[in-house]
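# Understanding the architecture of this molecule
Each chain, letter by letter, is given below.
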Amino acid sequence: MLSMMSYMTKTIDSMEEFELYSRIMSDDFKCKNQTVLYERKSGQRASIEGKGIDRYELYRFDAEEGKDFLPFFNNRHNHGGKVPERLRAFCDYIILVSCKGNLYIVLVEMKSGKENASQQLDASQVFMEYVKNSALRIKDVNHYHSFDVDNIKEKQLLLKKRPKVKNRPTTQPAKNTAINWDAVPIVLREERLPLRKICR
């Protein structure tokens, strides 16, 4: 009974991390379709499975959609191409997941080939560190007194397009393991995104 009460208390407290992050992140970049990730260039698609988690929010920061989320950086179109390479790199999606008393921040990059995803994932990591520091700065004045960074877990996820293999079964993805920002991203070759399996 005591352990159940402890879990319930931790779950309630962790809602403060999810809610504060949700209030910090602009709704302008919250996906209208909260269940599907899509990469236009390759046609790559993945469906989110939310069973077994408390809730989640899906965000997309894509300059191609005409929404400039980095207005404080030089823009290549306005400065004659003098912008440093990869300055405005960013991952395809960010998912905030509340699950079992923790807030999971899942950075997602979708790749169809052998391209390296480190620039996009690293840039997104820096952005989310800024969000975390902003949350720490304003948590008390906004009455999020139970906000605790120990309840925040970060994941990097690389979605690779499933290869076309004739006359052979496709290889199963490796078992997901807990990682931090400095680890190699989890790689999935499936068309589904089971959040409960990833956030553990």
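Predicted model only: the values in this text are computed from it and were never measured.

### Looking at the overall build of the protein chain
Helix and strand counts for the protein chain come out as 3 helices and 8 strands. Taken from N to C terminus, the helices and strands of the protein chain fall in the order α-β-β-β-β-β-α-β-β-β-α. Of the contacts formed within the protein chain by residues at least 6 apart in sequence, a portion of 71% connects residues at least 24 apart.

### Examining the pattern of salt bridges
All told, the structure shown has 7 salt bridges when counted by the stated rule. Lysine 111 serves as the salt-bridge partner of glutamate 109, at 3.6 Å between the closest nitrogen and oxygen. For glutamate 109, a relative accessible area of 4% translates into the label buried. Taking the relative accessible area as the measure of exposure, lysine 111 reaches 10% and is therefore buried. One connected set of salt bridges, linked through shared partners, spans Asp27, Lys30 and Glu57.

### Focus: the packing of aromatic side chains
On inspection of all chains with the given rule, the structure shows 6 aromatic pairs. When the ring of phenylalanine 29 is compared with that of phenylalanine 61, the centres are 5.1 Å apart and the planes differ by 20°; the resulting orientation is stacked. Of this pair, phenylalanine 29 sits in the loop between helix H1 (2–24) and strand S1 (36–39) while phenylalanine 61 sits in the loop between strand S3 (55–59) and strand S4 (93–99); the two residues are 32 residues apart in sequence, bridging distant segments of the chain. Looking at phenylalanine 29, the relative accessible area reads 13%, which means it is buried. A relative accessible area of 8% means that phenylalanine 61 is categorised as buried.

### Quick word on the nonpolar core
Tyr21, Met25, Ile94, Leu96, Ile105 and Met128 are the most contacted members of the largest nonpolar core, which totals 25 residues. Those elements giving two or more residues to this core turn out to be H1, S4, strand S5 (102–111), helix H2 (118–138) and strand S6 (152–160). Those residues in contact with isoleucine 94, other than ones at most four positions away along the chain, are Met25, Glu57, Leu58, Tyr59, Phe61, Ile105, Val106, Leu107, Phe127 and Met128. If you look at the next biggest cluster of nonpolar residues, it comprises 21 residues, including Ala46, Leu58, Met110 and Ile198.

### Some points on the side chain of lysine 111
Along the chain, lysine 111 turns up in strand S5. Filtering out sequence-adjacent residues up to four positions away, lysine 111 remains in contact with Gln44, Asn116, Ala117, Gln120, Leu158, Leu159, Lys160 and Lys161.

### Some remarks on H2
With 21 residues, H2 ought to run about 30 Å at 1.5 Å a step, and its terminal C-alpha atoms sit 30 Å apart, in line with that. Of all the positions in H2, only Gln120, Leu121, Ser124, Gln125, Phe127, Met128, Val131, Lys132, Ser134, Ala135 and Ile138 are classed as buried.

### Examining the pairing of S1
Here 4 bridges tie S1 to strand S2 (residues 44–49), and the two strands are oriented antiparallel to one another. Of the residues in S2, the one forming a bridge with glutamate 39 is glutamine 44. In sequence, S1 turns back onto S2 through a hairpin of 4 residues, with glycine 43 there showing a positive phi of about 75°.

### Here we look at the confidence of the model for the protein chain
Across the protein chain, the average pLDDT comes to 77, with 72% of residues at 70 or higher. Residue range residues 1–14 is modelled with pLDDT below 50. Its contacts to residues more than four positions away, or to other chains, number 12 contacts. Within the model, pLDDT remains below 50 along residues 167–183, and this stretch shows 30 contacts once partners closer than five positions in the same chain are excluded.

### Points about the sheet that holds S2
Reading across the sheet, the 3 strands line up as S1-S2-S8 and stay open at both edges, with mixed pairing between neighbours. Sheet topology places S1 and strand S8 (192–194) at the edges, where each strand pairs with a single neighbour. Across this sheet, the average inter-strand angle for adjacent strands is 20°, counted without regard to direction.

### Notes on unusual backbone geometry
Its identity as a non-glycine residue notwithstanding, lysine 100 has a phi of 50°, on the positive side. Here lysine 100 lies in the loop between S4 and S5. Here the phi dihedral of histidine 143 falls at roughly 65°; this positive angle occurs in a residue that is not glycine. For histidine 143, a relative accessible area of 60% corresponds to the exposed category.

Rules behind the numbers
Residues numbered from 1 in each chain as written. Predicted model: local features only at pLDDT ≥ 70, side-chain atom pairs only at ≥ 80, totals over all residues. Heavy atoms only, no water. Helix = DSSP H or I, 4+ residues; strand = E, 2+ residues; numbered from the N terminus. Contact = heavy atoms within 4.5 Å. Salt bridge = Lys/Arg side-chain N within 4 Å of Asp/Glu carboxyl O. Buried < 20%, exposed > 50% of the residue type's maximum accessible area, 1.4 Å probe, protein only. Phe/Tyr/Trp six-rings, centres within 6.5 Å; stacked < 30°, edge-to-face > 60°. Core = buried A, V, L, I, M, F, W, Y, C linked by side-chain atoms within 4.5 Å. Expected span 1.5 Å × (residues − 1). Pairing = 2+ DSSP bridges. pLDDT = per-residue confidence, 0-100. Axes fitted to C-alpha atoms, helices over the stretch in contact; angles between N-to-C directions.

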